[in-house]
Amino acid sequence: MRLLLLNGPNINLLGQREPGLYGHQTLADIEMRLRDRAKTAALQLETFQSNFEGALVERIHQAMGSVDGILINAGAYTHTSIAIRDALLGVAIPFVEVHLSNIHARESFRHHSHLADCALGVVCGFGAFSYDMAFDGLVNHLRGLQA
């Protein structure tokens, strides 16, 4: 089973950017931990981060036929990108939306996600641990352990 972890704009700055809000773990820390978890579970995990919407859309397109599930933190594109939504719908790969902060406890413009209603689930507000929860939910779904 192959999973794809996608991260959008500014996620590359984790550990430096507003650590009071996003924590001190870097994206590399999160990726390494999830790779280790994937290996233990006999899964393959690919990772991709871009600050560019089109690059994320292209990577989603490339996943069609080769990836079983997607974990996505689209960052600010969560609230603005119909293109990422359409790409995810177009490839029809199950995905889980993930955020470090609780987007519903932040500025009102962050309360709406263009991805949430298409996602298997949304995990937010638990810092870097949100990725672990999203990983577990996606893997359990793909293995038929939850509806």
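Keep in mind it's a predicted model, so treat the numbers as computed, not measured.

**Remarks on helix 2 (residues 27–40)**
Here comes step 1: End to end, helix 2 covers 20 Å across 14 residues, agreeing with the expected 20 Å (1.5 Å per residue, within 8%).
Here comes step 2: Those residues of helix 2 that are buried lie in contact with strand 1 (2–7), strand 2 (44–49), strand 3 (69–73) and helix 5 (129–142).
Here comes step 3: A positive phi of about 60° marks A42, the residue just after helix 2.

**Looking at the sheet that holds strand 3**
Here comes step 1: Strand order in the open sheet formed by five strands is 2-1-3-4-5, with parallel pairing between adjacent strands. Looking along the sheet, the strands with just one partner apiece sit at the ends: strand 2 and strand 5 (121–124). In this sheet, neighbouring strand axes are inclined to one another by 20° on average, regardless of whether the strands run parallel or antiparallel.
Here comes step 2: Here six bridges tie strand 1 to strand 2, and the two strands are oriented parallel to one another. Considered in strand 2, the bridge of N7 is made with Q49.
Here comes step 3: Its contacts with the sheet place helix 3 (residues 53–63) against strand 1 and strand 2, and it is angled at close to 175° to strand 1.

**Thoughts on the packing of helix 3 against helix 4 (residues 82–91)**
Here comes step 1: Where helix 3 meets helix 4, the axes come as close as 9 Å, and the angle between the chain directions of the two elements is 5°. The angle between helix 3 and helix 4 falls in the class roughly parallel. Where helix 3 approaches helix 4, its residues E53, L56, V57, I60 and H61 are matched on the opposing element by A83, I84, A87, L88 and V91.

**What to know about the pattern of salt bridges**
Oppositely charged side chains can form a pair if their charged atoms are brought close together.
Here comes step 1: Going through the model one piece at a time under the given rule, you end up with six salt bridges.
Here comes step 2: Here D132 makes a salt bridge to R37, at a shortest N to O gap of 3.3 Å. Separated by 95 residues along the polypeptide, D132 in helix 5 and R37 in helix 2 bring together distant segments of the chain.
Here comes step 3: Here D132 falls in the buried class, since its relative accessible area comes to 7%.
Here comes step 4: For R37, a relative accessible area of 26% translates into the label partly exposed.
Here comes step 5: We note a salt bridge from R59 to E46, for which the minimum N-O separation is 2.4 Å. Note that R59 is positioned in helix 3 and E46 in strand 2, a separation of 13 residues in sequence.

**Section: the side chain of S130**
Here comes step 1: For S130, the position within the fold is in helix 5.
Here comes step 2: Those residues in contact with S130, other than ones at most four positions away along the chain, are V98, H99, L100, V123, C124 and G125.

**Observations concerning the pairing of strand 1**
Each regular strand shows side chains that alternate between the opposite faces of the sheet.
Here comes step 1: The buried fraction of strand 1 amounts to five of the six residues, a majority that puts the element mostly inside the structure.
Here comes step 2: Here strand 1 runs beside strand 3; their pairing, made up of five bridges, is parallel. For N7, the partnering residue across the bridge sits in strand 3 and is N73.

**So, the nonpolar core**
Here comes step 1: One finds L3, I30, L34, L71, Y131 and F135 to be the most contacted residues of the largest nonpolar core, which totals 21 residues.
Here comes step 2: Within the residue set of this core, elements represented by two or more residues are strand 1, helix 2, strand 4 (95–99) and helix 5.
Here comes step 3: For this core, the leading source of residues is helix 5, giving five residues.
Here comes step 4: Excluding residues that lie within four positions of it along the chain, I30 makes contacts with L14, Q25, L100, A128 and Y131.
Here comes step 5: The next biggest cluster of nonpolar side chains, apart from the first, holds 19 residues, and it includes L4, I60, Y77 and A87.

The rules behind these values
- Residues numbered from 1 in each chain as written.
- Predicted model: local features only at pLDDT ≥ 70, side-chain atom pairs only at ≥ 80, totals over all residues.
- Heavy atoms only, no water.
- Helix = DSSP H or I, 4+ residues; strand = E, 2+ residues; numbered from the N terminus.
- Expected span 1.5 Å × (residues − 1).
- Contact = heavy atoms within 4.5 Å.
- Pairing = 2+ DSSP bridges.
- Axes fitted to C-alpha atoms, helices over the stretch in contact; angles between N-to-C directions.
- Parallel < 35°, antiparallel > 145°, perpendicular 65-115°, else oblique.
- Salt bridge = Lys/Arg side-chain N within 4 Å of Asp/Glu carboxyl O.
- Buried < 20%, exposed > 50% of the residue type's maximum accessible area, 1.4 Å probe, protein only.
- Core = buried A, V, L, I, M, F, W, Y, C linked by side-chain atoms within 4.5 Å.

It is worth stressing that arrangement in space is one thing and function is another; only the former is reported here.
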